[in-house]
Amino acid sequence: QDQSRTEWDVIVVGSGAGAMTSAVVAADQGLSVLVVEKSEKFGGTSAISGGGIWIPNNHYFAAKGGKDSYDKALQYILAAGGGKADETKVRAYLDHAPEMIKYLEEKSRVRYAVAEKYPDYYQHLPGALPGGRSLDPELFDTSTLGDELENLRRPSPSTLLMGRIAWTARDAHVAMARERGWRLKVLGLMLRYKFDFKWRKKSKFDRRAGLGSSLVCALRASLLDRKVPLWLKTDFRELVLDGDRVIGVRVVREGRALTLTARRGVILGAGGFEQNQALREKYLPQPTKTAWSATPPGNNTGAALEAGMAAGAATDLLEWAWWAPTIAVVGEDKPRGVFAERAFPGAIVVNSLGKRFCNEAQGYLEFGDAMYKDRDATGGKNVPAWCIFDAHFRFNYAMGPLMPAQIMPDSRLRKEWLGSVYWKADTLDELARQIDVDPAGLRETVAKMNAYASSGKDADFGRGDSVFDRYYGDVNVKPNPCLAPVQKGPFYAMRMDAGDIGTKGGLLTDAQARVVRADGTPIEGLYAIGNTSASVMGTAYPGAGATIGPAMTFGYIAAHHIAANA
Ligand code: FAD
């Protein structure tokens, strides 16, 4: 009877991690809940993400003897937030994030473990920790989802081992940093996949889900446990208001317009506007393209943002995205984010003058920001930027879709990738000519970097100085795990666009996740979370999981607030 029902206590728009968390918690509070999802798949960007959540003072780290404190975390976020992180909201986050994850661990199917070695991104700031705040989902057995598994937004091949095997971020790190025993670990994962004969007969996908896929599967299973309906192919269009109060939503469900009543509240968790070219041009720095975004095409077009604005909401941070450089791969529906590879020793990134413009190994938000910000300072264009590496790098390390040549030599790469995904030449000059980069600038940069590789000190940008840079370095490369010479031909180039993993600005909310007007008064009945809301982190990306952690936490807060207030 849920299919024809039009009245609910709470309507949640979107089925990302924050939205589903709010639905789980609201249902546990005895409220009737409906989740509406525009796409034919559930999970949103959250489903294809790393699923990491950044939770200061979490119980997993404490159980391992880790030391963190509320005050340290507060100091760190405020220092990182560029003056745009609101202390009241940051405090709400710090108060409730550890509670939220403990709650899910106890009451739902969500399971995490601490990624102890994953450092906060701004190691130079007070309150930063070298690890312990980022949590990584445990693998989830997707067979428990039954037929609903068909509706999962599948992870990108780039987040799977060999494009199909699930792993945790902790396992991936062991392999990428080439820690001791990494070959054995990878072999073990491959054998586990191969010998799961029963599941192999059913599907080419791994039985287990890792990363964001694990998270959204666990949340979806928790909604099924609670019999909370999730309507796919249901496109939220508008809010319904009674005077100043939001009392429902207008949706189009499989072509049919419906008005649904939300007696207690509407929670907007419909992502940002990353997939809307017009809004990107209106708000983000230029040039900008939906095609550069690593998010699923077509869904997060900012409908919730626009509806909130139409209801009188204030906004913040609309000129910001969760930047991440991306590589477009022909035949794939979205580009791949370049998170780790920039730190591998021997890959350098230059602009059209052949000059480096930042520390390649820094966090992806700062890297993306530098693609725009430092454009004028260098006098050259950083959009696109070019990642340059040599045959030694190519043999040993992955870059975007290119697996190391020792596993996948050039002869086995797809023909159409040459000249579209990667460029290759015997000399640096020839490579520069192919990609329209100044050859003299490139020669000079490479000579400098080669000298830095032997001294171990990047005198320009300090690459490899911080424990965060070194997280993705190669522990076997000395003296600096992030620096190696570029000297052995052939030479390679890959194009990096000014991409993102979602927009960062949105509806302004208060510490209870209520959407507020410019005068600070809340719009009754309306809540926003995730990338529909302006980030609690201001302009920063403090650590791995700083987008989904807040989305889930403010989802948790919103559900409790609705339950507590008639
Ligand atoms: P989403 O997860 O995208 O959910 C929004 C949902 O709303 C979607 O399902 C969408 O279809 C639906 N929707 C949109 N419009 C409507 C409408 N009109 N009506 C109904 N439904 C609608 N962040 C982290 O914190 N940790 C990580 O490890 C991490 N790794 C990442 C790795 C990759 C490769 C990428 C691309 C991103 C990563 N991110 C990570 C970023 C993170 O995934 C996103 O910022 C986050 O998932 C956004 O959550 P959300 O709930 O706002 O949006």
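Refer to the preceding data block for the structure.
As the structure is a prediction and not an experimental result, all values here were calculated from the model. (Residues numbered from 1 in each chain as written. Predicted model: local features only at pLDDT ≥ 70, side-chain atom pairs only at ≥ 80, totals over all residues. Heavy atoms only, no water.)

S.K.: I'd like a rundown of the overall build of the protein, residues and numbers included.
M.R.: When you go through the protein residue by residue, the secondary structure sums to 18 helices and 23 strands. Against the 2.2 N^0.38 benchmark of 24 Å for 566 residues, the protein shows a C-alpha radius of gyration of 23 Å, consistent with a compact globule. Counting only C-alpha atoms and orienting by the principal axes, one finds that the protein spans roughly 70 × 55 × 50 Å. Among the 566 residues that make up the protein, the fraction classed as buried is 62%. A separation threshold of at least 6 residues defines the contact pool for the protein, and within that pool the share at least 24 residues apart is 73%. When the accessible surface of the protein is summed, it comes to about 21,600 Å², and 52% of that surface belongs to carbon and sulfur atoms. Positive and negative side-chain charges of the protein, numbering 71 and 64 respectively, have mean locations separated by a distance of 6 Å. (Helix = DSSP H or I, 4+ residues; strand = E, 2+ residues; numbered from the N terminus. Rg over C-alpha atoms; globule rule 2.2 N^0.38 Å. Buried < 20%, exposed > 50% of the residue type's maximum accessible area, 1.4 Å probe, protein only. Contact = heavy atoms within 4.5 Å. Areas by Shrake-Rupley, 256 points an atom, 1.4 Å probe, with all protein chains shown as cover. Lys, Arg positive; Asp, Glu negative; His and termini not counted. Charge placed at Lys NZ, Arg CZ, Asp CG, Glu CD.)

S.K.: Tell me about the pattern of salt bridges, and please be specific about residues and values.
M.R.: Evaluated as defined, the whole model comprises 36 salt bridges. With a shortest N-O distance of 2.6 Å, Asp-136 and Arg-170 are connected by a salt bridge. Here Arg-170 lies in helix 6 (residues 169-176) and Asp-136 lies in strand 5 (residues 134-137), a separation of 34 residues in the sequence. Relative accessible area serves as the criterion here: at 2%, Asp-136 is assigned to the buried category. In this structure Arg-170 comes out as partly exposed when scored by relative accessible area, which is 25%. Notably, a salt bridge pairs Arg-463 with Glu-360, separated by 3.1 Å at the nearest N-O pair. One end of the pair, Arg-463, is in the loop between helix 16 (439-455) and helix 17 (467-471); the other, Glu-360, is in the loop between strand 16 (348-350) and helix 12 (364-373), and 103 residues separate them in sequence. (Salt bridge = Lys/Arg side-chain N within 4 Å of Asp/Glu carboxyl O.)

S.K.: With reference to specific residues and values, describe unusual backbone geometry.
M.R.: Cis peptide bonds are those with omega within 30 degrees of zero, and the linkage from Lys-478 to Pro-479 qualifies with -5 degrees. Relative to the helices and strands, Pro-479 resides in the loop between helix 17 and strand 19 (491-496). With an omega of 0 degrees, the peptide bond between Gly-489 and Pro-490 qualifies as cis. With respect to the element layout, Pro-490 can be found in the loop between helix 17 and strand 19. Residue Glu-254 is not a glycine yet carries a positive backbone phi of 45 degrees. By the element assignment, Glu-254 lies in the loop between strand 10 (245-253) and strand 11 (256-268). Of note in the backbone geometry, Asp-436 takes a positive phi value of approximately 60 degrees without being a glycine.

S.K.: A description of the packing of aromatic side chains should follow, citing residues and the corresponding values.
M.R.: Enumeration over the complete set of coordinates arrives at 26 aromatic pairs. Between the aromatic rings of Tyr-76 and Tyr-122, the centroid separation amounts to 6.3 Å while the plane-to-plane angle is 50 degrees, which identifies the pairing as tilted. Of the two residues, Tyr-76 is situated in helix 4 (residues 70-80) and Tyr-122 in the loop between strand 4 (112-114) and strand 5; the sequence distance between them amounts to 46 residues. Each member of the pair Tyr-76 and Tyr-122 is classed as buried. For the pair Tyr-93 and Phe-554, a centre-to-centre distance of 6.3 Å together with 20 degrees between the ring planes defines the contact as stacked. Taken together, the residues span a long stretch of sequence, with Tyr-93 in helix 5 (residues 87-107) and Phe-554 in helix 18 (residues 548-564) at a distance of 461 residues. A single burial state applies to Tyr-93 and to Phe-554, both of which are buried. Feature note: the residues Tyr-118, Tyr-121, Trp-322, Phe-339, Tyr-364, Phe-468, Tyr-471, Tyr-472 and Tyr-541 constitute an aromatic cluster, connected by ring pairs. Note that Arg-154 overlies the ring of Phe-205, its terminal NZ or CZ placed 4.0 Å from the centroid. The ring of Trp-322 carries Lys-504 above its face, with NZ or CZ at 3.9 Å from the centroid. (Phe/Tyr/Trp six-rings, centres within 6.5 Å; stacked < 30°, edge-to-face > 60°. Lys NZ or Arg CZ within 6 Å of the ring centre and 35° of its normal.)

S.K.: Tell me what's going on with the nonpolar core, and back it up with residues and numbers.
M.R.: Counting 159 residues, the largest nonpolar core has Leu-239 and Leu-268 as the members making the most contacts within it. Ranked by residue count, the leading element in this core is helix 5, at 9 residues. Residue contributions to this core reach at least three from each of two domains, namely domain 1 (1-156 + 210-322 + 503-566) and domain 2 (326-496). In contact with Leu-268, other than residues within four places in its own chain, are Val-13, Phe-236, Leu-239, Ala-304, Leu-507, Leu-526, Tyr-527, Ala-528, Ile-529 and Thr-532. Judged by nonpolar contacts, the second largest core, of 20 residues, contains Ala-425, Ile-435, Val-486 and Phe-491. (Core = buried A, V, L, I, M, F, W, Y, C linked by side-chain atoms within 4.5 Å. Domains from an automatic or database assignment.)

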